[in-house]
Amino acid sequence: MTINYSDRIPNNVDLGSNRTLQRALEHWQPEFLKWWEELGPKDFQVADVYLRTATSVDAKGWATYGYVRMPEYRWGIFLNERDPNRRIGFGDNFGQEVWQQVPGEYRATLRRLIVTQGDTEPASVEQQRMLGHTAPSLYDLRNLFQVNVEEGRHLWAMVYLLHAYFGRDGREEAEELLERHSGDADKPRILGTFNEPIRDWLSFFMFTYFTDRDGKFQLKSLAESSFDPLARTCQFMLTEEAHHMFVGDTGINRVVRRTLEVMHELNTDDPQVIRNAGAIDLPTVQRYLNFWFTSSLDLFGSETSSNAASYFANGLKGRPDEAQYEDHIAVEQAYTLELPDGSGGTKSEQIPMRNAMNEVTRSSYVRDCEIGVKRWNRVIEKAGHSFRLALPSTRFRRSIGNWAGVPTTPEGVPMSAEQFTEHKQAWLPSESDQTFILSLMHGVHQPGKMAAWIAPPDRGINNNPVDYEYVKLH
Ligand SMILES: [Fe+2]
Ligand SMILES: [Fe+2]
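What comes next is a walk through the structure.

What counts and how
- Residues numbered from 1 in each chain as written.
- Chains lettered and ligands numbered in written order.
- Predicted model: local features only at pLDDT ≥ 70, side-chain atom pairs only at ≥ 80, totals over all residues.
- Heavy atoms only, no water.
- Patch = residues over 30% accessible without salt bridge, like charges linked within 9 Å, V, L, I, M, F, W, Y side chains within 5 Å.
- Areas by Shrake-Rupley, 256 points an atom, 1.4 Å probe, with all protein chains shown as cover.
- Salt bridge = Lys/Arg side-chain N within 4 Å of Asp/Glu carboxyl O.
- Helix = DSSP H or I, 4+ residues; strand = E, 2+ residues; numbered from the N terminus.
- 1 Å grid on protein atoms, 1.4 Å probe; cavity = no way out; pocket = protein on both sides within 12 Å on 5 of 7 lines; lining within 4 Å.
- Points joined across faces, edges and corners; volume = space filled by probe spheres on them.
- Nonpolar A, V, L, I, M, F, W, Y, C, P; charged D, E, K, R; others polar.
- Donors = N, O, S within 2.8 Å, 3.2 Å for Na, K, Ca; no water.
- Tetrahedral: all angles 85-135°; square planar, octahedral: opposite > 155°, others 65-115°.
- Pairing = 2+ DSSP bridges.
- Buried < 20%, exposed > 50% of the residue type's maximum accessible area, 1.4 Å probe, protein only.
- Phe/Tyr/Trp six-rings, centres within 6.5 Å; stacked < 30°, edge-to-face > 60°.
- Lys NZ or Arg CZ within 6 Å of the ring centre and 35° of its normal.

Moving on: a nonpolar patch on the surface. Together, Phe94, Ile329 and Val331 make up an exposed nonpolar region whose accessible area comes to about 250 Å². Tracing the backbone through its elements, the reader meets Val331 in the loop between helix H9 (306-313) and strand S3 (334-340).

This is the structure:
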């Protein structure tokens with residue numbers, strides 16, 4: 001399934017054979033480019049960026065690398081190959097043939113799921129649009145832009161589905177995806193987290209580690225969908241998404257490494273002394289982690305959800321890696337939730353498994369988040385320090401679900417609102433933390449040079465050296 005790059009819109013869906021669809025998408029294309037120019041990375045549209053572009057959907061050798069000006073990036077439509085034997089993997093229709101068209105009764109729901117996913121993609125580009133100016137190196141600048149162009153492509157992926165399978169409503173939704181904007185007072189993005197601007201690179205790394213990973217789990221759920229074109233679209237998006245989380249994982253790792261170097265050089269773990277030396281003390285890293293992890297937890301929705309139950313029953317959205325479960329019907333199982341009892345304690349409650357699907361997915365997500373934390377802690381341990389980073393409890397600082405607005409310690413022990421306010425400074429980024437982090441943000445744009453608060457990466461991109469000129473500024 002090679003990708004056709006001779007069409008105006010690169011694709012592997014034989015777009016040329018459907019003139020109406022092709023024309024509709026070619027009509028949307030200039031609107032997308034206009035959006036990119038207005039709300040994509042600010043001031044770097046003429047830079048030559050060393051980017052990867054998808055050339056095939058094979059796991060091996062699926063991309064090529066080369067200098068591209070971002071507005072000339074070949075955004076296209078790439079779906080994983082169709083498996084003619086694929087069957088519905090869960091829910092009431094388990095074992096039946098998957099759908100190549102949208103069943104009428106699920107039309108509105110599927111459209112909503114696709115629009116909600118699609119909305120996050122351009123939203124993150126908008127949130128990150130100012131970061132280019134303060135990139136800690138050309139290597140990081142390139143990675144930011146790689147993430148940005150691929151989020152743009154993920155928008156294309158969802159817009160293709162809307163155009164191809166949802167007729168006129170789909171086309172209107174596609175237009176609205178370019179009309180809502182992150183943080184816009186009148187037309188904000190659909191999900192809360194995606195309306196917060198990302199002003200600094202510590203937040204960017206936390207976002208790509210924690211929030212892009214939420215994206216990974218949403219895509220994994222949709223990759224199980226009985227609506228086959230959606231499943232195949234999401235499977236290929238996951239290939240691209242992996243790099244985004246790599247950027248976050250290694251970014252946080254490099255911040256920690258640099259901090260440890262400074263701690264070693266100055267023989268101190270005093271946060272103020274470390275800050276004076278231009279590095280980020282580990283308690284501050286922990287506070288940013290607390291903030292971004294918890295805000296990403298909310299994206300999975302409520303612990304108990306009748307919507308999640310019906311998505312599962314109808315085969316629209318499954319559990320990530322559904323094949324790992326033994327029972328794909330999940331109608332006779334229960335799930336035990338630990339909920340606030342309303343008087344400062346907790347109580348257990350059993351709910352039907354299908355209603356707990358958000359929580360099931362959230363738990364897989366938390367386990368996946370742990371992997372990076374362990375890796376960062378190994379670096380700290382090796383350097384001989386007892387400090388450890390940790391994920392807070394899923395009860396901590398929640399805005400959605402049963403724990404919303406219930407004050408707890410990071411370990412999840414309920415406490416009074418007064419106690420919480422008293423400790424908040426130690427647990428979440430304060431205004432002075434943010435001022436400090438922002439004070440470190442200065443663009444470093446010479447090849448191979450790094451800002452003082454971050455260690456260089458272990459290796460460059462695509463076997464190039466770290467000091468390669470990843471972005472040619474003009
Ligand atoms: Fe994405
Ligand atoms: Fe992403």
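What follows is about the layout of surface pockets. A volume near 380 Å³ is recorded for the second largest pocket. Taken together, the elements giving at least two residues each to the lining of the second largest pocket come down to helix H3 (138-165) and helix H6 (228-266). Broken down by element, the lining of the second largest pocket gets its largest block of residues, seven residues, from H6. Classifying every residue of the lining of the second largest pocket gives five nonpolar, six polar and eight charged.

Before going further, it helps to spend a moment on the coordination of the iron ion (ligand 2). Tetrahedral coordination by four donors puts the ideal angle at the metal at 109.5 degrees, and octahedral coordination by six puts it at 90 or 180 degrees. Only Glu151 (OE), Asp212 (OD), Glu241 (OE) and His244 (ND1) from the protein coordinate the iron ion (ligand 2), and they sit 1.9 to 2.2 Å from it. Relative to the metal, the four donor atoms surrounding the iron ion (ligand 2) lie at angles of 85 to 166°, and the coordination shape comes out irregular. Expressed as a motif, the donor residue spacing for the iron ion (ligand 2) is E-x60-D-x28-E-x2-H.

Before going further, it helps to examine the pairing of strand S4 (residues 346-352). Alignment of S3 against S4, held across seven bridges, turns out to be antiparallel. In the strand pairing of S4, Tyr335 is matched with Ile351. Between S3 and S4, which follow one another and run antiparallel, lie five residues, and Gly342 among them has a positive phi close to 85°.

A separate point is the coordination of the iron ion (ligand 1). Here the iron ion (ligand 1) is held by Glu121 (OE), Glu151 (OE) and His154 (ND1), and the distances to it run 2.0 to 2.2 Å. Here the donor residues of the iron ion (ligand 1) are spaced in sequence according to E-x29-E-x2-H. The iron ion (ligand 2) is placed at 3.5 Å from the iron ion (ligand 1), the two being bridged by Glu151. Highlighted residues: Glu151 and His154, both in helix H3, separated by three residues, approximately one helical turn. The exposure classification of Glu151 matches that of His154, with both residues buried.

Under the definition given, this model contains 37 aromatic pairs. On the numbers, 5.2 Å between centres and 85° between planes, the contact of Tyr165 with Phe227 is edge-to-face. Taken together, the positions of Tyr165 in helix H3 and Phe227 in the loop between helix H5 (201-222) and H6 put the pair 62 residues apart, joining distant regions of the chain. The burial state of Tyr165 is the same as that of Phe227; both residues are buried. Taken together, the ring pairs in this structure connect Trp28, Phe32, Trp35, Trp36, Tyr73, Trp75 and Trp156 into an aromatic cluster. Sitting above the plane of the Tyr325 ring, Arg319 keeps its charged end 3.9 Å from the centroid. Its guanidinium or amino end placed over the ring of Tyr67, Lys472 lies 4.2 Å from that ring's centre, counting from NZ or CZ.

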